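Residues per chain, in single letters:
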Amino acid sequence: MANWEEKKSLITRNLQEVLGDEKLTEIIMQRDLKIYWGTATTGRPHVAYFVPMSKIADFLKAGCEVTILFADLHAYLDNMKAPWELLALRTQYYEAAIKAMLQSIGVPLDKLKFVRGTEYQLNKEYTLDVYRMSSVITEHDAKKAGAEVVKQVDHPLLSGLLYPGLQALDEEYLKVDAQFGGVDQRKIFTMAEKYLPQLGYAKRVHLMNPMVPGLTGGKMSASEEDSKIDLLDNPANVKKKLKKAFCEPGNITDNGVLSFTKHVIFPLMKPEESFKITRAPEFGGDVNFNNFEDLEAAFAKQDIHPGDLKASVEAAINKLLAPIQEIFKEPKLQELTKKAYPPPTKTKGNAAAAVDEIVPSKLDIRVGRIVEVSRHPDADALYVERIDLGEAEPRTVVSGLVNFVPIEEMQNRDVVVLCNLKPAKMRGIESKGMVLCASVDEPKQVEPLLPPQDSKPGERILVEGYESGEPDEVLNPKKKVWEKLQVDLKTNDNLFAVWQNNKLVSKVTGNAVTTKSMKNAPIK
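Because the structure is predicted, anything quoted here is derived from the model rather than measured.

How should the overall build of the chain be read in this particular structure?
In terms of regular secondary structure, the chain is built from 16 helices and 21 strands. In terms of its C-alpha atoms, the chain occupies a principal-axis envelope of roughly 80 × 70 × 50 Å. Taking all 524 residues of the chain together, the buried fraction comes to 51%. Residue pairs at least 24 apart in sequence account for 70% of intrachain contacts in the chain once pairs closer than 6 positions are excluded. In the chain, the 70 positive side-chain charges and the 74 negative ones have mean positions that sit 3 Å from each other.

I would appreciate a short explanation of the sheet that holds strand E6 (residues 205–209) in the present structure.
Each strand in a sheet pairs with its neighbour through backbone hydrogen bonds, running either in the same direction (parallel) or in the opposite one (antiparallel). Taken together, the six strands give an open sheet; going across it, the order is E1-E6-E5-E2-E3-E4, and neighbouring strands pair in mixed fashion. Of all strands in the sheet, those bounded by a partner on one side alone are strand E1 (17–19) and strand E4 (112–116). Ignoring strand direction, the axes of neighbouring strands in this sheet form an average angle of 25 degrees. Relative to E4, strand E3 (residues 65–71) is paired through five bridges, and the arrangement is parallel. Bridged to Leu69 within E4 is Val115.

Looking at this structure, I do not really get the pattern of salt bridges. What am I missing?
Note that side chains of opposite charge can pair when their charged atoms are close. Inspection of the entire model under this criterion finds 25 salt bridges. Sharing partners across several salt bridges, the network here consists of Asp364, Arg366, Glu391 and Arg395.

What should I look at first to understand the packing of aromatic side chains in this one?
Aromatic ring pairs are reported here in terms of the distance separating the ring centres and the angle at which the planes meet. Across all of its chains, the model carries twelve aromatic pairs by this definition. Ring geometry for Tyr49 against Tyr94: centres 6.2 Å apart, planes inclined by 70 degrees, an arrangement best described as edge-to-face. Of the two residues, Tyr49 sits in the loop between strand E2 (34–40) and helix H3 (50–61) while Tyr94 sits in helix H5 (residues 84–104), which places them 45 residues apart along the sequence. With a centroid separation of 6.2 Å and 70 degrees between ring planes, the pair formed by Phe266 and Phe292 is classed as edge-to-face. Highlighted residues: Phe266 in helix H11 (residues 256–268) and Phe292 in helix H12 (residues 292–300), separated in sequence by 26 residues. Assessed through its relative accessible area of 10%, Phe266 is described here as buried. For Phe292, a relative accessible area of 8% translates into the label buried. In textbook terms, an aromatic cluster arises when at least three aromatic residues are bridged by ring pairs, as seen for Trp37, Tyr49 and Tyr94.

Before we go on, may I ask you to explain the nonpolar core in this structure?
A general feature of soluble globular proteins is that nonpolar side chains tend to end up buried together. Within the largest apolar cluster, 71 residues are counted, with the highest numbers of intra-cluster contacts made by Phe50, Ile56 and Leu309. If you tally residues by element for this core, the top one is H5, at eight residues. Membership of the second largest hydrophobic core comes to 26 residues, among which are Leu77, Tyr163, Ala192 and Leu196.

Which parts of the structure should I look at to understand the packing of helix H1 (residues 4–12) against H3?
Helix-helix packing is characterised by the crossing angle of the two axes and by the distance between the axes. Where H1 contacts H3, the axes come no closer than 8 Å and their chain directions differ by 170 degrees. Compared by their axis directions, H1 and H3 come out roughly antiparallel. On H3, the residues that touch Leu10, Ile11 and Thr12 of H1 are Lys55, Asp58, Phe59 and Lys61.

Can you help me understand helix H8 (residues 158–173) in this one?
Residues lying three or four places apart along an α-helix face the same way, a consequence of the helix completing one turn every 3.6 residues. The end-to-end C-alpha distance of H8, which contains 16 residues, comes to 22 Å, matching closely the 22 Å that a straight helix rising 1.5 Å per residue would cover. Where H8 bends most, the angle comes to about 25 degrees, and this point is Pro164. Most of H8 is tucked away, with 13 of its 16 residues classed as buried. Downstream of H8 by a residue or two, Lys175 has a phi angle that is positive, lying close to 55 degrees.

Could you clarify how one ought to interpret unusual backbone geometry in this entry?
For Asn412, which is not glycine, the phi torsion reads 65 degrees and is therefore positive. Secondary-structure assignment places Asn412 in the loop between helix H15 (407–410) and strand E12 (414–418). The backbone of Asn501 shows a phi angle near 70 degrees, a positive value even though the residue is not glycine. Its location among the elements puts Asn501 in the loop between strand E20 (497–499) and strand E21 (502–506).

How do you make sense of the pairing of E2 when you look at a structure like this?
Every other side chain in a regular strand lies on the same face of the sheet, so the side chains alternate between the two faces. Here seven bridges tie E2 to E3, and the two strands are oriented parallel to one another. Across the sheet, residue Ala40 finds its bridge partner in E3, namely Ala71. Crossover connection from E2 via H3 to parallel E3: handedness right-handed. Of the strand pairs in this sheet, E2 and strand E5 (residues 178–182) are connected by three bridges, and their pairing is parallel.

Help me understand the environment of Lys422 in this model?
Along the chain, the position of Lys422 falls in the loop between E12 and strand E13 (424–426). According to the relative accessible area criterion, Lys422 is exposed, its value standing at 57%. Put simply, Lys422 and Pro477 are 55 residues apart on the chain and 7.4 Å apart in space, counted from C-alpha to C-alpha. Not counting residues within four places of it along the chain, the set of residues in contact with Lys422 comprises Val474 and Pro477.

Help me understand the packing of H1 against helix H2 (residues 21–30) in this model?
Direction vectors running N to C along H1 and H2 enclose 135 degrees, while the axes themselves pass 10 Å from each other. By the angle between their directions, the pair H1 and H2 is classed as oblique. Of the two possible hands of crossing, H1 and H2 adopt the one that is right-handed. Touching Trp4, Lys8, Ile11 and Thr12 of H1 are Asp21, Leu24, Thr25, Ile28 and Met29, all from H2. A per-class count over the contact of H1 with H2 returns five nonpolar, two polar and two charged.

Looking at this structure, how should I read the pairing of E21?
Burial analysis of E21 places five of its five residues in the buried class, which makes it a mostly covered element. As defined by bridge partners, strand E18 (residues 460–463) adjoins E21 across three bridges and the pair is classed as antiparallel. In the strand pairing of E21, Leu462 is matched with Val505. The pairing of E20 with E21 spans two bridges and is classified as antiparallel. Within E21, the position partnered with Trp499 by the bridge is Asn502. Connecting E20 to the next strand, E21, in antiparallel fashion are two residues, including Gln500 with a positive phi near 50 degrees.

Cut-off values and rules
- Residues numbered from 1 in each chain as written.
- Predicted model: local features only at pLDDT ≥ 70, side-chain atom pairs only at ≥ 80, totals over all residues.
- Heavy atoms only, no water.
- Helix = DSSP H or I, 4+ residues; strand = E, 2+ residues; numbered from the N terminus.
- Buried < 20%, exposed > 50% of the residue type's maximum accessible area, 1.4 Å probe, protein only.
- Contact = heavy atoms within 4.5 Å.
- Lys, Arg positive; Asp, Glu negative; His and termini not counted.
- Charge placed at Lys NZ, Arg CZ, Asp CG, Glu CD.
- Pairing = 2+ DSSP bridges.
- Axes fitted to C-alpha atoms, helices over the stretch in contact; angles between N-to-C directions.
- Salt bridge = Lys/Arg side-chain N within 4 Å of Asp/Glu carboxyl O.
- Phe/Tyr/Trp six-rings, centres within 6.5 Å; stacked < 30°, edge-to-face > 60°.
- Core = buried A, V, L, I, M, F, W, Y, C linked by side-chain atoms within 4.5 Å.
- Parallel < 35°, antiparallel > 145°, perpendicular 65-115°, else oblique.
- Expected span 1.5 Å × (residues − 1).
- Bend = angle between axes of the 7 residues up to and from the residue.
- Right-handed = clockwise from strand over helix to strand, strands pointing away.
- Left-handed = near helix turned anticlockwise from the far one by under 90°.
- Nonpolar A, V, L, I, M, F, W, Y, C, P; charged D, E, K, R; others polar.

As structure tokens, this is what we get:
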């Protein structure tokens, strides 16, 4: 039996942060830690789920009692990402998929406890505690806590504000010492530490994984088509997605392929195993790595080529996926997959089918050039622009940029324009589009997006991974298509414009839309 130091080392390895380190030590010196990890049953689990799965393997090796929560109610509350009629089916899918993943990496299921949120979150005691929580938590704290997790919109539904409080209460109702999650959950964890004691409940330990870059360079997401490799993707699809993956020579800071080796491949290796990079003899032949640090150093020095790293990771992923796909050949599971994630359809009368799916390909975003600009005659903060968008005549667009961009910098400026909003009158002048900008409120700062290099007026801007499909002629304001898509539009750390971490790129050249200086700013 490992001593407490060895157990703690296993529990905390590869984590980004631990809140409550002293309490963690105190518990594991006396007994085994009780811990839970929850996942909202929304988009299909994908290969990045091996990151928390490998930590769950660590927890079990350290003797922890582990509960996996299928947070079905949370999935519905988070902007209704999972329609109520599909909730039970998706929860069944998650349970089957995650059990198959754990079997794939040799984790014994008999040591785990699986719980569905609705098994206890609808009972009288829990419901009363939700009301008690709502009587002490402020709207500001609830919104702040969910900022990294719950979809953010200008006029949030009350359900999204309840979400963080429910997650905090789960710690008490699952009777655990600690909660494990990604560092994007940090604000929910600190809120739990603040408010649970106000209800008379203990403060828990919080263990946080770093956010592992997706294959495109951002966070891996179940709704981000090219960032994720689905558990049921065949080897040809794995190869195709890895081929497109961002893996710049020598780049070790924003490299999803390299991160996957750190957080999944190496932690799952047995002591006698090594990770083999297969190379042609003329490039040095095969090379084996016993630890991630040596691989990272070799990649940083460019001794390992991205193509060779990708090929070796591809083989490792296919090895992980093969037993899962074998399990999912079972006819019942194939039928469950179809029912839980039906293809988008507009057919009436099919309650379980996904309605007309709101995807970024609905947006008509184009490169434009401002050929004429003037101050609005009746509004001090507005410009009236005539913008060449590759059409027969320039369009009139009204923008609130007077206080942020001098008029001389607007003339002949290239901009990125959303072209299929319903035309709207702004102080008497009809605006037929919107110049897209990075924008923050405190302190107020606005910067028009920069079109891709070498782009021309009228050139279509697409979101990577959502190239198929034609834009709507006019976005339906009743369905709030723009509002629902806009919440996931922002700039990232590298000044790229992204939607759910997928870059906005030119349909012609593939070059990216950027911003001059504003990082992690909403795009409006």
